[in-house]
Amino acid sequence: MKKTLFYLIIITNILVAQQSSLWDHVPDDIRETKAFKRYENFYRTRAWPADFIPQDHYKAEKRKAVAKYENRGNPEGGNWTNIGPNGIVSTWPEHWGMSSGRVRGIAVHPSDPLIVYAGAASGGLWKTTDGGLTWIDLAENFVSLSFGAIEIDPSNPQIVYAGSGEAVAGGYPLAYTGDGIYKTTDGGASWTNINDGFGEYTIINAVDVSPHNSSRLFAAFARGYSMIGNPDNQGIWKSTDAGLNWYRTLDVEEAFDVMVHPVNPDVVYASSGGYYTTAGFYISTDGGENWNKITEGLPSSASIGRMQIGIAQSDPDILYLYIRTNLSPSSLRSKVYKSTDGGYSWNHISEDTPLGGSYNGSSWNDQGTYDLCIGVSPADPNYVLVGNVEIHKTRNGSDFSPLRNPNGPYGGNSAWDSPMHVDYHKIVFSPSDPDYIYVGSDGGLFVSTDGGTNWESRNEGLRTIQYYRLSSSPADINTYIGGAQDNGNFGTENGPDQPWLLASTGDGMENFFDRDSPTTMFFMSTQNGNLIRFENYQTTGISPSYSSNTYWTTPFFMHPVNNDWIYVASQRLWRSTNKGDDWEAVSDIFASSAITTVSQNPSYPDMMICASGGFYITDVPVYISEDGGINWRNVSQNIPGPKRQIPRVVAHPVEENTVYVVRSGFGSGKIYESTNMGQSWQDISSDLPDVPYNDLFIDPVNPDWMFMGGDLGVYHTQDRGQSWVRSGTGMPFTAVHDFSYYDGPGGRKLRAATHGRSAYEIALDEVVPVELINFSARASGKSVELNWTTATELNNFGFEVERKYISTEWSAIGFIRGHGTTSRINHYSFIDDNVSGKICYRIKQIDFDGNFEYSSVSEVTVSEPSEFQLIQNYPNPFNPSTRIMFSLGSESSVRLSVFNVLGEEIDILINKKMMEGFHEVIWNGKNQPSGIYFCKLACEGQRKVMVKKMILQK
């Protein structure tokens, strides 16, 4: 759960030495919280060595990428499809039902309680027409995927406005920025982005359309991501032409709310916070042009961090304010005030009631700067709900109490008994049917259809999970496990269309399947190296006793060959040889800070590479081991470019000495390659967009194909980094944190885990076709040389070479492995020895899924056979049949038979007189056991015998 960071704003005004970071001035009690560590990992990794993410540059790169993508014609790389989760089913507390990612904005149709729009923190904009049973993704290709405010025009519900960016009082490192206001006039089918003087980024917490005039709009602009300082667009903005043009009418910092009076079109209410002198409650009586600050009965401006407004539609003189203050005691910092005279005077109600949340029934945690919301029933001015850590209600307009499930795990005495996933951001009563109440929280969207007595999750299909890591089962295409922010670890055996089950709480990190028993055992972890073994639906903690520091996303992985060996890294490498029961330190402490990433070469396991930098040290060292992790050498001095954070290192899947370093942040140098184990490096970033990158995948079938996961999705190269292009279609412009590779029944898949849009997959074997340029056969002595060339290849397992004599059928005589998927020109050749006569050849191109195509036929003449010859059988090894060929220089009596290793003749294939030339026969060993056999050719006329060894391998 989150903890208040409102005073981070003070940090931005501190003058510190050049080598000091603003992040380091966060008080120690905050630095050690999970909330701070979570967002330091996300933002500081990207900003480092600077304190700030250059938002203008970031947005510009995103716009360029969108424009280039839209104008590129047919995109290369196939189609990305979302694989979920389709929701995460809570196993504890069970009554929370199904969760998704954080929901910030909600709008309900004015006359249909089942039509709802929802905006996620970083997961886009969604619509339901059946009360949340199913969802439609509206924002797949939006530049911004963060939405903090949504408003439906009450006079024309086809018109909807969505304000992008999410607001947090005082600024958090966790808030996502937006890029203006999005508008639809067709119920969400198409959208227009509006940014009339707003600037490079926006943090919009409220949008309101006047119920008296659809052309009159208001929006409240606040601040979110604290490290970018104060945006200059904060305040209340107004439009008089349905959003086409805007101007600011109230210049305050951290405007949080704005509402038009439901009866009087000239009265507008607004609020602001941030503990500034402008913080407070405002009234306009001239349609929002001029404003008066109301202070009677309210806390001082210096005490107001955030303020949300609630109006009783059935009695508009009654208003409520939910205010997060900095007053003591801390358990009572969030307060509710009530006005019965239209907002001109206020009284503090339910004064001694804590309005945050309590997990132990006694101490209270208040997160009102992060999650603060209020909803008033349109039918009852005394029915009010407020949301913080927990949700609280009053039915008399005065006294609040926590809304809890008495049948929860603690009998209604804890925040774990809250009727929905805790940390609440939005409460909306349906205007047409107040029994429908929609709530947005850190766990997604929830609804009550009986006025708040019972609650249900409405998250199936709302794919907004913020992944850290994703793993694919090696045994089943439909089995995965994932780890995500504030949603723990979760998995499924039923593929993308079914909900996944929660396996652990916390922040889910590295995970992987046990290759020995992938259906019954897998490994997972939570923040800072808390390791868990999941076996037969039972969990066991298996963390070693670390003697040094661990990183937020601690590296945790299995040996590529020995399935009993697993590794974890702190400032040294640890190994267990019995799946986590016992641990030993493989190396001494060699890293100067917590190790952030490790990769082990799957083909040459002694080769390993890692990087540290977990404490944001200046050198960000990279280390290489060539003895399985016992000894390490620092190769950082050989890597060119700026020293930024390294979220991933990768060992090449098939080349022994090739390794890669992926760098985050902004500026040149996103990916570096070394082909000599770190002695020298080259930048292969080429034309990648200048945004942070997080992971690299190299196709083991076609190593020239690489995929980079970054903050704008996935980019791939077909020429080993000489050029890059956005990969395929269907992938939104969102941060990809991790790749997972599946190679098994059903084809090869690359999965991409995003931080806010759940996970996607693409079929690696559906990228480019196999294009054969030429195929030729040339005789040379007693041999024939075959040559062919491909321009591109897709899903190409290889080529089977086939031969046909005048008197025989087509037979396979050899196989050449293909290059999988590639757009480079490739040349192939095959030599057929000891042949003569008139011969036809063709090649059979075979895909990984078994589909095939034949080439044209090439014919060649070789001089007639002049000798007795037994040709090696093909295929060999075989199961259960193989083809045997021989040649005769003249007419002869022939005996061709098969012997076992004991010298017993077990089959006679030919025993007759035969003409000169080439002959062939098939031997089927289906009735014989696996083993070694011998084919013997005896020719009476030529008095010769030849023997070939054959291997039957079932």
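Note that the structure is predicted; figures quoted are calculated from it, not measured.

1. Examining the overall build of the protein chain
At step 1: If you tally the helices and strands in the protein chain, you get 4 helices and 72 strands.
At step 2: Overall size of the protein chain, expressed as C-alpha extent along the three principal axes, is 120 × 60 × 55 Å.
At step 3: Taken over 954 residues, the protein chain has a buried fraction of 62%.
At step 4: A fraction of 55% describes how many contacts in the protein chain between residues 6 or more apart in sequence connect residues 24 or more apart.
At step 5: Of the accessible surface of the protein chain, which amounts to about 33900 Å², a share of 46% is contributed by carbon and sulfur atoms.
At step 6: Between the centroid of the 72 positive side chains of the protein chain and the centroid of its 106 negative side chains there is a distance of 6 Å.

2. A word on the pattern of salt bridges
At step 1: Counted by the stated rule, this structure contains 29 salt bridges.
At step 2: Where K64 meets E61, a salt bridge forms, and the shortest distance between an N and an O atom there is 2.8 Å. With K64 and E61 both in helix 4 (residues 55-70) and 3 residues apart, this pair spans about one turn of that helix.
At step 3: Looking at E61, the relative accessible area reads 9%, which means it is buried.
At step 4: Here R648 ties to D695 by a salt bridge, and the two come within 3.3 Å at their closest N and O atoms. Pair noted here: R648 is in strand 48 (residues 648-651) and D695 is in strand 52 (residues 693-698), with a separation of 47 residues, a long-range link.
At step 5: With relative accessibility at 11%, the residue R648 sits in the buried group.
At step 6: A network of salt bridges, in which partner residues are shared, links D514, D516, D564 and K579.

3. A closer look at the pairing of strand 71 (residues 931-939)
At step 1: Note: strand 68 (residues 892-899) against strand 71, 6 bridges, orientation antiparallel. Bridged to R895 within strand 71 is A938.

4. Focus on the environment of T249
At step 1: Among the secondary structure elements, T249 is positioned in strand 15 (residues 247-250).
At step 2: Setting aside anything within four residues of it in sequence, one finds T249 in contact with I236, K238, G288, E289 and W291.
At step 3: From its side chain, T249 meets the backbone oxygen of G288 in a polar contact 2.9 Å long.
At step 4: Engagement of the side chain of T249 in a polar contact is seen with the side chain of W291, the distance being 3.2 Å.

5. Some details on the nonpolar core
At step 1: Counting residues in each nonpolar core, the largest one holds 44 residues, and the members touching the most others are L125, F142, W191, Y660, I671, L696 and M708.
At step 2: Listing elements by their share of this core, those giving two or more residues are helix 3 (34-47), helix 4, strand 8 (147-152), strand 9 (160-164), strand 49 (659-662), strand 52 and strand 53 (706-710).
At step 3: For M708, the contacting residues outside a window of four places in its chain are V662, K670, I671, L688, Y693, D695, L696, G713, V714, Y715, W724 and F739.

About the criteria used
- Residues numbered from 1 in each chain as written.
- Predicted model: local features only at pLDDT ≥ 70, side-chain atom pairs only at ≥ 80, totals over all residues.
- Heavy atoms only, no water.
- Helix = DSSP H or I, 4+ residues; strand = E, 2+ residues; numbered from the N terminus.
- Buried < 20%, exposed > 50% of the residue type's maximum accessible area, 1.4 Å probe, protein only.
- Contact = heavy atoms within 4.5 Å.
- Areas by Shrake-Rupley, 256 points an atom, 1.4 Å probe, with all protein chains shown as cover.
- Lys, Arg positive; Asp, Glu negative; His and termini not counted.
- Charge placed at Lys NZ, Arg CZ, Asp CG, Glu CD.
- Salt bridge = Lys/Arg side-chain N within 4 Å of Asp/Glu carboxyl O.
- Pairing = 2+ DSSP bridges.
- Polar contact = N/O pair within 3.5 Å; in protein donor to acceptor, adjacent residues only side chain to side chain.
- Core = buried A, V, L, I, M, F, W, Y, C linked by side-chain atoms within 4.5 Å.

Any link to function would need more than the numbers given here.
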